[in-house]
Structure formats: structure tokens, C-alpha cells
Amino acid sequence: MSNIQAEAIRVAYDDRVIIDSLSTTIPEGKITTIIGSNGCGKSTLLKALTRILPLQAGAVYLDGQAIAQLPTKEVAKKLALLPQVLEATEGISVYELVSYGRFPHQNGLGYLSDLDREKVNWALEVTQTIAYARLPVDDLSGGQRQRVWIAMALAQDTDTIFLDEPTTYLDLNHQLEVLELLRELNQTRQKTIVMVLHDVNLSARFSDYMIAMKGGKIHHHGAVSAIMTTDILRDIFQIEAQLLQLPGQDYPTLLTYDLIK
């Protein structure tokens, strides 16, 4: 497993500071979900932790080493990121796109080895995308494309997978399919999962640990039962929430909510 820590990081777009003096440690071997209102810095934090965005101050450490100083391929062998905005090369097939996940493991020639093909086929199988492996990505529905991108991240075969809104464009049953897949990867293959979700009920249902952000800072973090409270949801989302603990569940469910008046 990979250990990921951020210490007093600062991230800005031009002169606009999004995250300032933020520190956190990602629990190893767990599913962590980041929640918060639009614009609070959730996606920015994901990009900072995975070295997609440069830091103006502080540092992110991967297994005790500053991630900014590590070779790109070394980082890519440990961390995979599925961003929110995804674009594939026009005309590329599903199989080709998923095979890009093997790039960090290839030599300079870029040929797929038997192990590479095995990992690609496994990723297609577990995401239920192998049936259209030879089709162009352009021909797929939004939900199908999302699962193909997840397959590419899985083919990368990293200890940790970061996902920014992985249920985007998916209907209810496919949302559950994706999140149950991520939970299975966590439980059976000990993958550390870090994701941003807008749906707090899905966050509570599929997480071990939650990070609640507001204004570019982490206001609350901890186990699901500690974060899914009326006080914290009021602080983070400015809502008056009604929560219910359903029989057989070890997490609260948001039943309904109103704006604070």
C-alpha cells in the first residue's frame, strides 16, 4: 500500500487561492470520500494529491518522499487518477483506451506484454465493458464511457485510485455497480480508494472515512458516523438535515433537508 500525506499545501489558479495551509493523511487500505459544496476545493485537492496541480507552498508525500521530486512513471505505478473531465482521442477503440493504463509499466518501445494484456482484459471484465472492447469510444453512451475510463484506471494496477465524481452520467443502477466494484477492489485487492462524490448518501454507504471541505479547508474528517450528523451537514452545506438510521445499516441516511432560513 502507498502512504499519502499533505502538509500545509497551498494551491492557486493564477492569483485566486483555492486551498491554503491544508494538511491531511489518506487512510491506507480504506475508501475515503471527499464531500462539500461546489467550489470548495474537492477536485483541486485530488489534483494536488496526485501532482496534477503544482503547489505554491507545502508538500505532498508519497511513501515518505516528496511527490514533486519523484519520476512521473514511479508516481503512475502507485497512483491512478480518474478526473472529472474526460476526453478520448477521436476514433480510438475501447481496448486501446484501456491499454493506455499500462503505459507506466511499459518499456520505451510501448508494446503490450502478455502481462499488460492480462491486466487490460481483467479491467474490461470487472467493469463489464469487454463486450464492446473493439468499438470506438465515441459510439458509447455516457455511462458506458465512464466505465471504460474506470477500466483504464484499473488497468494501471496501482495501490491507490483517485476518482473525481466516478458516478457522473450514470443512472441509479450503474452508480451502484461502479461503487460496488470499487468496494470489491478495496476489500479483495486492498486498493486504497479516494473519491469525490456529491451524493452524501452514496458517500456514507460506500465509505470508511469522510473528509468534509468548505472554503478550501478541511472542516471535518473521520468515520462516516462522525461526519454524517446534522451539525456537520449544516456547517458544510447550509442545510437543516433529517437523518435516519435504517435497520441493518451502520451509517446514517439523509432522509430530507431544507435550506437554512
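Before any of the text, the structure's been laid out above.
Keep in mind that what you see is a predicted model, and the values were worked out from it rather than measured.

## Thoughts on a nonpolar patch on the surface
Line of reasoning, step 1. A cluster of nonpolar residues, Leu244, Leu246 and Leu255, forms a patch on the protein surface that exposes about 250 Å² of accessible area.
Line of reasoning, step 2. Position of Leu246 among the secondary structure elements: in the loop between strand S11 (239-244) and strand S12 (253-259).
Line of reasoning, step 3. You can call Leu246 partly exposed: its relative accessible area is 32%.

## Regarding unusual backbone geometry
Line of reasoning, step 1. Even without a glycine there, the phi angle at Gln128 is positive, about 55 degrees.
Line of reasoning, step 2. As for its position among the elements, Gln128 is in the loop between helix H4 (114-126) and helix H5 (142-155).
Line of reasoning, step 3. If you check the backbone angles, Gln190 has positive phi at about 55 degrees while not being a glycine.
Line of reasoning, step 4. Along the chain, Gln190 turns up in the loop between helix H6 (172-189) and strand S8 (192-196).
Line of reasoning, step 5. Gln190 gets classed as partly exposed once you look at its relative accessible area, which sits at 40%.

## So, the pattern of salt bridges
Line of reasoning, step 1. Applying the stated criterion across every chain yields a total of nine salt bridges.
Line of reasoning, step 2. The salt bridge involving Arg102 is made with Asp116; its shortest N-O contact spans 2.9 Å. Residue Arg102 is located in the loop between helix H3 (94-99) and H4, and its partner Asp116 is located in helix H4; the two are separated by 14 residues in the primary sequence. Both residues of the pair, Arg102 and Asp116, count as buried.
Line of reasoning, step 3. Here the residues in one salt-bridge network are Lys119, Asp157 and Lys191, joined through shared partners.

## A short note on the sheet that holds strand S4 (residues 57-62)
Line of reasoning, step 1. Across the sheet, four strands lie side by side as S2-S1-S4-S5; this open sheet has antiparallel pairing. Taken across any chain shown, the strands that pair with only one partner, and hence form the sheet edges, are strand S2 (16-26) and strand S5 (65-66).
Line of reasoning, step 2. Examined bridge by bridge, strand S1 (residues 4-13) and S2 share seven bridges and lie antiparallel to one another. If you follow Ile9 over to S2, its bridge partner there is Leu22.
Line of reasoning, step 3. Strands in contact with helix H1 (residues 42-49) are S1, S2 and S4; relative to S1, the strand with the most contacts, it is inclined by about 120 degrees.

Basis of the calculations
- Residues numbered from 1 in each chain as written.
- Predicted model: local features only at pLDDT ≥ 70, side-chain atom pairs only at ≥ 80, totals over all residues.
- Heavy atoms only, no water.
- Patch = residues over 30% accessible without salt bridge, like charges linked within 9 Å, V, L, I, M, F, W, Y side chains within 5 Å.
- Areas by Shrake-Rupley, 256 points an atom, 1.4 Å probe, with all protein chains shown as cover.
- Salt bridge = Lys/Arg side-chain N within 4 Å of Asp/Glu carboxyl O.
- Helix = DSSP H or I, 4+ residues; strand = E, 2+ residues; numbered from the N terminus.
- Buried < 20%, exposed > 50% of the residue type's maximum accessible area, 1.4 Å probe, protein only.
- Pairing = 2+ DSSP bridges.
- Contact = heavy atoms within 4.5 Å.
- Axes fitted to C-alpha atoms, helices over the stretch in contact; angles between N-to-C directions.

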